[in-house]
Amino acid sequence: MATIAHNRQQVIARIVRACVQAQRSVDSVTLLAVSKTFGAEAVRAAAAAGQRAFGENYVQEALEKMAALAELRDAIEWHLIGPLQGNKTRVVAEAFDWVHSVDRLKIAQRLSEQRPAALAPLQLCLQVNTSGEASKSGLAPDEAAAVAVEVARLPRVRLRGLMAIPEPAASIEAQRAPHRMLRELLAQLNCRHGLGLDTLSMGMSADLEAAVLEGATIVRVGSALFGARA
Ligand SMILES: *Cc1c(COP(=O)(O)O)cnc(C)c1O
């Protein structure tokens with residue numbers, strides 16, 4: 001488990017180098033540790049190394065880990081980054097701090113209705129499909145504004161920004177293009193609709209540098225921290 005701490009230092013060094021290159025401050029980028037398929041012990045080891053934000057793809061798996069790590073609840077944040085079905089919104093509204101994968105208004109409405117009053121508003125990102133035909137999940141870029149304006153009005157959620165999962169690309173320039181598209185879309189939403197969005201959730205193990213160069217504020221990193229998934 002010592003390797004998670006070591007891997008985390010390597011990932012942080014990559015983020016720092018990319019921030020230097022982009023002339024951005026290092027604390028403008030949050031490292032989200034994607035712990036899907038890895039057990040509670042891996043999360044515990046990462047938390048002991050100083051990691052605070054964890055991303056999970058599968059609701060049931062995440063709930064089991066949260067139960068096993070209840071004593072860490074105040075020390076860590078849980079982010080849902082995987083697809084969310086309508087019948088799972090209640091447990092998600094009760095258990096998570098963030099949802100990055102909102103791809104329709106109905107889901108955001110349910111999350112807002114079901115967010116317990118005792119908790120802070122649930123932090124949301126809209127997932128946008130920046131890869132066209134190659135991917136089916138996420139809002140089309142030209143649908144994002146209409147949904148964002150409605151989600152921003154909901155009382156128990158707070159719309160923070162946009163998330164994307166671009167297809168892998170061969171060169172750093174090609175990797176940057178979809179990240180740039182997401183950044184420009186966020187700027188457009190803020191400028192035309194005054195939404196004050198501050199979050200770009202983009203970049204994974206393979207392309208975090210390209211994402212940071214294009215303005216990522218959250219990079220979602222799994223395998224570079226925890227190792228290859230089975
Ligand atoms: C699995 C996953 C990641 C992490 O991917 P790595 O390549 O392991 O860093 C990030 N975002 C989403 C949405 C994922 O499903």
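Residues numbered from 1 in each chain as written. Predicted model: local features only at pLDDT ≥ 70, side-chain atom pairs only at ≥ 80, totals over all residues. Heavy atoms only, no water.

- Where an unreviewed UniProt entry is consulted, the chain appears under the name Pyridoxal phosphate homeostasis protein, with the organism given as Rivibacter subsaxonicus.
- UniProt's Sequence similarities (unreviewed entry) comment on the chain is quoted here verbatim: "Belongs to the pyridoxal phosphate-binding protein YggS/PROSC family."
- The annotation that UniProt attaches to the chain under Function (unreviewed entry) is "Pyridoxal 5'-phosphate (PLP)-binding protein, which is involved in PLP homeostasis." (UniProt positions renumbered as here; feature names shortened; annotations may be inferred.)

**What to know about the pattern of salt bridges**
Once their charged atoms are close, side chains differing in charge can pair, the charge on each being opposite to the other.
Here's step 1: Within the structure shown, the criterion is met by 13 salt bridges.
Here's step 2: For Arg153, the salt bridge identified is with Glu150, shortest N-O distance 2.9 Å.
Here's step 3: With relative accessibility at 60%, the residue Arg153 sits in the exposed group.
Here's step 4: Glu150 sits in the partly exposed class, given a relative accessible area of 34%.
Here's step 5: Across the pair Arg160 and Asp198 runs a salt bridge whose closest N-O atoms are separated by 3.0 Å. With Arg160 in strand E6 (residues 157-163) and Asp198 in the loop between helix H7 (172-193) and strand E7 (199-201), this pair connects stretches of sequence that are 38 residues apart. (Salt bridge = Lys/Arg side-chain N within 4 Å of Asp/Glu carboxyl O. Buried < 20%, exposed > 50% of the residue type's maximum accessible area, 1.4 Å probe, protein only. Helix = DSSP H or I, 4+ residues; strand = E, 2+ residues; numbered from the N terminus.)

**Some words on the packing of helix H6 (residues 144-151) against H7**
Here's step 1: At their nearest, the axes of H6 and H7 sit 11 Å apart, and the two run at 60° to each other. In this view, H6 runs oblique relative to H7, as classed from their interaxial angle. Between H6 and H7 lies a crossing of right-handed hand. On H7, the residues that touch Ala144, Ala145, Ala148 and Val149 of H6 are Leu185, Leu189 and His193.
Here's step 2: Each residue belonging to the contact of H6 with H7 can be placed in one class, and the counts come to six nonpolar, one polar and no charged. (Axes fitted to C-alpha atoms, helices over the stretch in contact; angles between N-to-C directions. Parallel < 35°, antiparallel > 145°, perpendicular 65-115°, else oblique. Left-handed = near helix turned anticlockwise from the far one by under 90°. Contact = heavy atoms within 4.5 Å. Nonpolar A, V, L, I, M, F, W, Y, C, P; charged D, E, K, R; others polar.)

**Here's the deal with the site of the ligand**
Here's step 1: Taken together, Val34, Lys36, Asn57, Ile81, Ile165, Met204, Ser205, Arg220, Val221, Gly222, Ser223 and Arg229 are the residues near the ligand.
Here's step 2: A distance of 2.7 Å separates an oxygen atom of the ligand from a polar side-chain atom of Asn57.
Here's step 3: A distance of 2.8 Å separates an oxygen atom of the ligand from a polar backbone atom of Ser223.
Here's step 4: Its free accessible area being 390 Å², the ligand has 89% of it covered by the protein chains. (Near = heavy atom within 4 Å. Polar contact = N/O pair within 3.5 Å; in protein donor to acceptor, adjacent residues only side chain to side chain. Areas by Shrake-Rupley, 256 points an atom, 1.4 Å probe, with all protein chains shown as cover.)

**Topic: the nonpolar core**
Here's step 1: Counting 64 residues, the largest nonpolar core has Leu111 and Leu124 as its most contacted members.
Here's step 2: Tallying contributions element by element places helix H2 (residues 40-48) first for this core, with six residues.
Here's step 3: In this structure, Leu111 is in contact with Leu84, Thr89, Val92, Ala93, Val99, Val102, Leu122, Leu124 and Val157, ignoring residues within four places of it in sequence.
Here's step 4: With eight residues, the next largest nonpolar core counts Leu32, Ala53, Ile81 and Trp98 among its residues. (Core = buried A, V, L, I, M, F, W, Y, C linked by side-chain atoms within 4.5 Å.)

**Observations regarding the side chain of Arg8**
Here's step 1: Its place among the elements puts Arg8 in helix H1 (residues 2-22).
Here's step 2: An unpaired buried charge is present at Arg8: no salt bridge exists, and Glu77, the closest side chain of opposite charge, is 12 Å distant.
Here's step 3: Looking at Arg8, its side chain comes within polar contact range of the main-chain oxygen of Ala49, at 3.0 Å.
Here's step 4: A distance of 2.8 Å separates polar atoms of two side chains, one belonging to Arg8 and the other to Gln51.
Here's step 5: Not counting chain neighbours up to four residues away, the residues in contact with Arg8 comprise Leu31, Ala49, Gly50, Gln51 and Leu225. (Lys, Arg positive; Asp, Glu negative; His and termini not counted.)

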